[in-house]
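A closer look at the structure
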Amino acid sequence: MTFGEKVRAAREARNMTQEQLADAIGMSKRMVSYWENHGKLPKSRETYPIIADALGIDVSVLLDDDAEFVIKAAETYGNRGAQQALQLVEQITGLYAGGELEEDDMDAMMKAIQDAYWIAKKKNKRHTNKR
């Protein structure tokens, strides 16, 4: 279940509209819609507990390894890093669709790919000219 699907399910379970959730967390309805309908993630780790509190759920429900990965990429490398990380997650998830790998094997493969991402980013950062 994606972050947006989790938000929608928790919101609907509380009989809240997107607008009511947006008001409760101090954000726009458009942002809630982006999360639910367009696969976007909050830009800040601090947003997750605020959303969870408004929905009456534990923050761990909203976070999974993929979300943590994208958040860490955003915090470390900014918006571009977050976009690259999200794109990587989406591409890998597409490879899993209809596959016959066991859940544990898929998780291990995703973790290995994420680790490779961090190593590559660190290596590339050392070789980038700073202005």
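Reading the values: the criteria
- Numbering of residues begins from 1 in every chain and follows the order in which that chain's sequence is written.
- Owing to the predicted nature of the model, reporting of local features is limited to residues with pLDDT of at least 70; listing and counting of side-chain atom pairs is limited to 80 or more, with chain, interface and lining totals taken over all residues.
- Only heavy atoms go into the side-chain values, all of them from the structure, while hydrogens and water stay out.
- Only runs of H or I of at least four residues qualify as helices and only runs of E of at least two qualify as strands under DSSP, and these elements are numbered from the N terminus.
- Burial classes: relative accessible area under 20% of the type maximum marks a residue as buried, over 50% as exposed, and values in between as partly exposed (1.4 Å probe, protein chains only).
- We call a set of buried Ala, Val, Leu, Ile, Met, Phe, Trp, Tyr and Cys residues a nonpolar core when their side-chain atoms join them within 4.5 Å.
- Take the number of residues in a helix, subtract one, and multiply by 1.5 Å to get its expected span.
- We define the bend at each residue as the angle formed by axes fitted to the 7 residues ending at it and the 7 residues starting at it.
- Classification of ring pairs uses Phe, Tyr and Trp, with its six-membered ring standing for Trp, and accepts pairs whose centres are within 6.5 Å; under 30 degrees between planes counts as stacked, over 60 as edge-to-face, and the remaining range as tilted.
- Note on geometry: a ring has a charge over it if NZ (lysine) or CZ (arginine) is within 6 Å of the ring centre and within 35 degrees of the ring normal.
- pLDDT is a residue-level measure of predictor confidence that goes from 0 to 100.
- The salt bridge criterion pairs a side-chain nitrogen of Lys or Arg with a carboxyl oxygen of Asp or Glu, the two atoms within 4 Å.

So, the overall build of the chain
- Counting its secondary structure elements, the chain contains 7 helices and 0 strands.
- Helices and strands appear in the chain in the N-to-C order α-α-α-α-α-α-α.
- If one aligns the C-alpha atoms of the chain with their principal axes, the spans along those axes are about 50 × 45 × 20 Å.
- Counting only residues that meet the buried cut, the chain has 32% of its 131 residues in that class.

Examining the nonpolar core
- Membership of the largest hydrophobic core comes to 31 residues, with the highest contact counts inside it found for F3, L21, I51 and F69.
- Counting only elements with at least two residues in this core, the list comes to α1 (3–13), α2 (18–25), α3 (29–38), α4 (47–55), α6 (65–96) and α7 (103–126).
- When residues of this core are assigned to their parent elements, the largest contribution, 11 residues, is made by α6.

Brief notes about α6
- An ideal rise of 1.5 Å per residue puts 46 Å on 32 residues; α6 reaches only 16 Å between its terminal C-alpha atoms.
- Roughly 145 degrees is the biggest bend found in α6, and it falls at Y77.
- All buried positions along α6 are accounted for by A67, F69, V70, I71, A73, G81, A82, A85, L88, V89, I92 and Y96.

Focus on the packing of aromatic side chains
- Counting across every chain of the model gives 6 aromatic pairs.
- Their ring planes at 80 degrees and their centres at 5.5 Å tell us that F69 and W118 sit as a pair that is edge-to-face. Of the two residues, F69 sits in helix α6 while W118 sits in helix α7, which places them 49 residues apart along the sequence. You'll find F69 and W118 in the same group, each marked buried.
- With a centroid separation of 6.1 Å and an interplanar angle of 25 degrees, the aromatic rings of Y77 and W118 are classed as stacked. Placement of Y77 in helix α6 and of W118 in helix α7 is noted, with a sequence separation of 41 residues between them.
- Each residue in the set F69, Y77, Y117 and W118 is aromatic and connected to the rest through ring pairs, giving one cluster.
- Lying over the aromatic face of W118, K72 brings its terminal NZ or CZ to 4.9 Å of the ring centre.
- Over the aromatic face of Y77 sits the side chain of K121, whose NZ or CZ is 4.8 Å from the ring centroid.

Describing the confidence of the model for the chain
- When pLDDT is averaged along the chain, the result is 84; 95% of the residues meet or exceed 70.
- When the elements of the chain are averaged for pLDDT, α6 gives the smallest value, 79, and α2 the largest, 96.

Focus: the pattern of salt bridges
- Evaluated as defined, the whole model comprises 4 salt bridges.
- Between R8 and E36 there is a salt bridge, with its nearest N and O atoms 3.8 Å apart. Here R8 is found in helix α1, whereas its partner E36 is found in helix α3, with 28 residues between them in sequence.
- By relative accessible area, R8 is classed as partly exposed at 26%.
- Several salt bridges share partner residues, and in doing so they unite R8, R11, E12 and E36 into one network.

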